[in-house]
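Understanding the architecture of this molecule
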Amino acid sequence: MLSIHGHEVLHMMTGNSYTESSLLDAIHQKFGKDARFHTCSQADMNAEQLIAFLKAKGKFKPSVSDDTEFTVDKKTICHH
């Protein structure tokens, strides 16, 4: 099965705000419910695990427009 790098999700988030639920829905819509993800240090994650991982790594920041939502912190995306 194809594994998608977590950067693809972070780039998808750029310019948009999400709750964890709406981000999960957006990931499922774009990549499919059975998609698997990897990052520089983790592999074989489902969408829920990826969201938890990215959150724990500080990849999200609060949305300026809605304090119940978050967006990607662009300066935390590594480029390789």
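Note: the structure precedes this text.
The following refers to the structure shown. (Residues numbered from 1 in each chain as written. Predicted model: local features only at pLDDT ≥ 70, side-chain atom pairs only at ≥ 80, totals over all residues. Heavy atoms only, no water.)

This paragraph deals with the side chain of lysine 59. Mapping lysine 59 onto the fold places it in the loop between helix H3 (47–56) and strand S3 (60–62). No salt bridge is formed by the buried lysine 59, whose closest oppositely charged neighbour, aspartate 73, lies at an N-O distance of 8.9 Å. Within the structure, the side chain of lysine 59 is placed 2.5 Å from the backbone oxygen of threonine 76, a separation counted as a polar contact. Among all residues touching lysine 59, those that are not within four sequence positions of it are Leu10, Leu54, Thr71, Val72, Asp73 and Thr76. (Helix = DSSP H or I, 4+ residues; strand = E, 2+ residues; numbered from the N terminus. Buried < 20%, exposed > 50% of the residue type's maximum accessible area, 1.4 Å probe, protein only. Lys, Arg positive; Asp, Glu negative; His and termini not counted. Salt bridge = Lys/Arg side-chain N within 4 Å of Asp/Glu carboxyl O. Polar contact = N/O pair within 3.5 Å; in protein donor to acceptor, adjacent residues only side chain to side chain. Contact = heavy atoms within 4.5 Å.)

Attention now moves to the packing of helix H1 (residues 6–13) against helix H2 (residues 20–31). At a minimum axis separation of 11 Å, H1 and H2 run at an interaxial angle of 115 degrees. By the angle between their directions, the pair H1 and H2 is classed as roughly perpendicular. Relative to H2, H1 is oriented so that their crossing is right-handed. For the pair formed by H1 and H2, the contact residues are Glu8, Val9, Met12 and Met13 on the first element and Leu23, Ala26, Ile27, Lys30 and Phe31 on the second. (Axes fitted to C-alpha atoms, helices over the stretch in contact; angles between N-to-C directions. Parallel < 35°, antiparallel > 145°, perpendicular 65-115°, else oblique. Left-handed = near helix turned anticlockwise from the far one by under 90°.)

The subject of this paragraph is the pattern of salt bridges. Inspection of every chain in the model, using the stated rule, returns three salt bridges. Arginine 36 is the partner of aspartate 44 in a salt bridge, and the nearest nitrogen-oxygen pair spans 3.0 Å. A relative accessible area of 51% places aspartate 44 in the exposed class. Among the residues examined, arginine 36 registers a relative accessible area of 23% and is labelled partly exposed.

Before going further, it helps to examine the nonpolar core. Note that soluble globular proteins tend to have their nonpolar side chains buried in a common cluster. Ranked by internal contacts, the top residues of the largest apolar core, which has 23 residues, are Val9, Met12, Met13, Leu23, Ile27 and Phe37. Going through the elements one at a time, H1, H2, H3 and strand S4 (70–72) are the ones with two or more residues in this core. Sequence-distant contacts of phenylalanine 37, defined by excluding residues within four places in its chain, comprise Ser3, Ile4, Val9, Ile27, Phe31, Ala43, Asp44, Met45, Asn46, Ala47 and Leu50. (Core = buried A, V, L, I, M, F, W, Y, C linked by side-chain atoms within 4.5 Å.)

With that settled, consider the environment of leucine 54. Tracing the backbone through its elements, the reader meets leucine 54 in helix H3. Residue leucine 54 is classed as buried on the basis of its relative accessible area, which comes to 3%. Taking the C-alpha atoms as reference points, leucine 54 and valine 72, 18 residues apart in sequence, are found 9.5 Å from one another. In this structure, leucine 54 is in contact with Val9, Leu10, Lys59 and Phe60, ignoring residues within four places of it in sequence.

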